[in-house]
Amino acid sequence: MKPNTQQLQELTVQVRRDILRMVHAVNSGHPGGSLGCTEFLVTLYQNLMNRKEGFDMDGINEDVFFLSNGHISPVFYSVLARSGYFPISELATFRLLNSRLQGHPTTHEGLPGIRMASGSLGQGLSVALGTAQVKKLNNDSSLVYTLHGDGELQEGQNWEAIMYASAKKVDNLIATVDVNGKQIDGTTDEVLAMGSLKAKFEAFGWDVLEIKEGNNIDAIINGMTEAKAKTGKGKPVCVLLYTEMGNGVDFMMHTHAWHGKAPNDEQLANALAQNPETLGDY
């Protein structure tokens, strides 16, 4: 049984608490984008992806996910732990020496659920394309999902991969772009305006969907279900997910200031008060 919207929302609130506590404990990390993508990753792992019990790197006959903007590791680690990949208690080791939960995910740490190292931006789609083509060669009908930041698309390697995906008809791939309009130095328009992402992806031969309410669980389910229905038709699929950086914590929203800054004790208490414990803290 898949969790209902209320259950997904309760998990979302608990994941927010995990993110805030993890980043605060070591006074480092990236809460803004993590909070903005919480609803998406919770819904992806709990409702949308076809996953098997346990974890193996091959991911045969199951959907797989690649996080390209690896700096939002707090939300990724929390969702993986609360989806059963490793003990929830391990979240307390975030960014500590000899921890498997480093600031950017790495495969050599052997952490279940991590399929690629993602520190340098712009590489996730290339890795995902290789995986998607392997699935086709193996007659594996499962899907490959990716998540990218909108600022990350300023990296040129993305566009080589975007061009390749359509040219080679990699139609078992759904690439989601977190469109929050912010990056570490300001708005994406201030740093390097990219114009219409929808028009760009369409010009590169992709099917493009937009989820205008990217922090609404029902909207995510509906939009991603539509995206899944578009796979297998000769084109890769792009989902533009419009989110709010820092979502769920009022003083972290509508600003880029919390892209990579940890809350102090008082700010943490304020943020946690806005997200009451639902499923138990680690």
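Rules used in this analysis
- Residues numbered from 1 in each chain as written.
- Predicted model: local features only at pLDDT ≥ 70, side-chain atom pairs only at ≥ 80, totals over all residues.
- Heavy atoms only, no water.
- Core = buried A, V, L, I, M, F, W, Y, C linked by side-chain atoms within 4.5 Å.
- Buried < 20%, exposed > 50% of the residue type's maximum accessible area, 1.4 Å probe, protein only.
- Helix = DSSP H or I, 4+ residues; strand = E, 2+ residues; numbered from the N terminus.
- Pairing = 2+ DSSP bridges.
- Contact = heavy atoms within 4.5 Å.
- Polar contact = N/O pair within 3.5 Å; in protein donor to acceptor, adjacent residues only side chain to side chain.
- 1 Å grid on protein atoms, 1.4 Å probe; cavity = no way out; pocket = protein on both sides within 12 Å on 5 of 7 lines; lining within 4 Å.
- Points joined across faces, edges and corners; volume = space filled by probe spheres on them.
- Nonpolar A, V, L, I, M, F, W, Y, C, P; charged D, E, K, R; others polar.
- Salt bridge = Lys/Arg side-chain N within 4 Å of Asp/Glu carboxyl O.
- Expected span 1.5 Å × (residues − 1).
- Arc of directions from axis to C-beta.

Q: Explain the nonpolar core here, please?
A: It is characteristic of soluble globular proteins that their nonpolar side chains tend to be buried jointly. Leu44, Tyr45, Phe65, Tyr77, Phe86 and Met224 are the most contacted members of the largest nonpolar core, which has 53 residues in total. Ranked by residue count, the leading element in this core is helix α1 (residues 5–26), at seven residues.

Q: What is the right way to look at the pairing of strand β2 (residues 144–149) in this model?
A: Each regular strand displays side chains that alternate between the two surfaces of the sheet. Across the six residues of β2, six count as buried, placing the element largely inside the fold. Burial along β2 is two-sided: Val144, Thr146 and His148 and Tyr145, Leu147 and Gly149, pointing in opposite directions, are all buried. As paired strands, strand β1 (residues 64–67) and β2 are joined by four bridges and run parallel to one another. Bridge pairing in β2 places phenylalanine 65 opposite tyrosine 145. Relative to strand β3 (residues 173–179), β2 is paired through six bridges, and the arrangement is parallel.

Q: I tried to follow the environment of histidine 24 on my own but got confused; where do I start?
A: Note that histidine 24 resides in helix α1. Through-space distance from the C-alpha of histidine 24 to that of alanine 262 is 5.4 Å; in sequence the pair is 238 residues apart. Residues contacting histidine 24, with those up to four places away along its chain left out, are Ala262, Pro263, Asn264, Asp265 and Leu268. Of the polar contacts made by the side chain of histidine 24, one reaches the side chain of aspartate 265; its length is 2.6 Å.

Q: Looking at this structure, how should I read the side chain of threonine 176?
A: Looking at where threonine 176 falls in the secondary structure, it is placed in strand β3. Dropping the residues within four chain positions of it, threonine 176 is found in contact with Phe40, Thr146, Leu147, His148, Met224, Val239 and Leu241.

Q: How should the environment of glutamine 267 be read in this particular structure?
A: Assignment of secondary structure puts glutamine 267 in helix α10 (residues 265–273). Along the sequence, glutamine 267 and threonine 255 sit twelve residues apart, while their C-alpha atoms lie 16 Å from each other. Non-local contacts of glutamine 267, meaning those with residues more than four positions away in its chain, are made with Phe251, Trp258 and Ala262.

Q: Even after reading the chapter, I still don't get empty space enclosed by the protein, so can you show me in this structure?
A: Using a probe with the size of a water molecule, rolled over the atoms, empty space left in the structure can be pinpointed. Per the stated rule, a full pass over the model turns up three cavities of 30 Å³ or more. Of the voids in this model, the largest cavity is the one considered here, and its volume is about 70 Å³. Looking at the lining of the largest cavity residue by residue, the classes come out as six nonpolar, two polar and five charged. Here the second largest cavity is characterised by a volume of approximately 40 Å³. If you go around the second largest cavity, the residues you meet are Phe65, Phe66, Leu67, Phe76, Pro105, Gly113, Ile114, Arg115, Met116 and Ser118. Tallying contributions element by element places β1 first for the lining of the second largest cavity, with three residues. Per-class residue counts for the lining of the second largest cavity are seven nonpolar, two polar and one charged.

Q: In this structure, what is going on with the pattern of salt bridges? I would like to understand it.
A: Side-chain pairing between opposite charges can occur once the charged atoms of the two side chains come close. Summed over the entire model, instances satisfying the criterion amount to ten salt bridges. With a shortest N-O distance of 3.4 Å, lysine 182 and glutamate 244 are connected by a salt bridge. Highlighted residues: lysine 182 in strand β4 (residues 182–183) and glutamate 244 in the loop between β7 (237–242) and α10, separated in sequence by 62 residues. Each member of the pair, lysine 182 as well as glutamate 244, carries the same accessibility label: buried.

Q: What am I meant to see in helix α6 (residues 156–167) here?
A: Each α-helix turn comprises 3.6 residues. Residues three or four places apart therefore point the same way. Here α6 is twelve residues long and its end C-alpha atoms lie 17 Å apart, about the 16 Å a rise of 1.5 Å per residue gives. Residues of α6 that are buried: Asn158, Trp159, Ala161, Ile162, Ala165 and Ser166. All buried residues of α6 fall inside an arc of 160° around its axis, so they share one side. Residues Glu160, Met163 and Ala167 are exposed on α6 and point more than 90 degrees away from its buried face.

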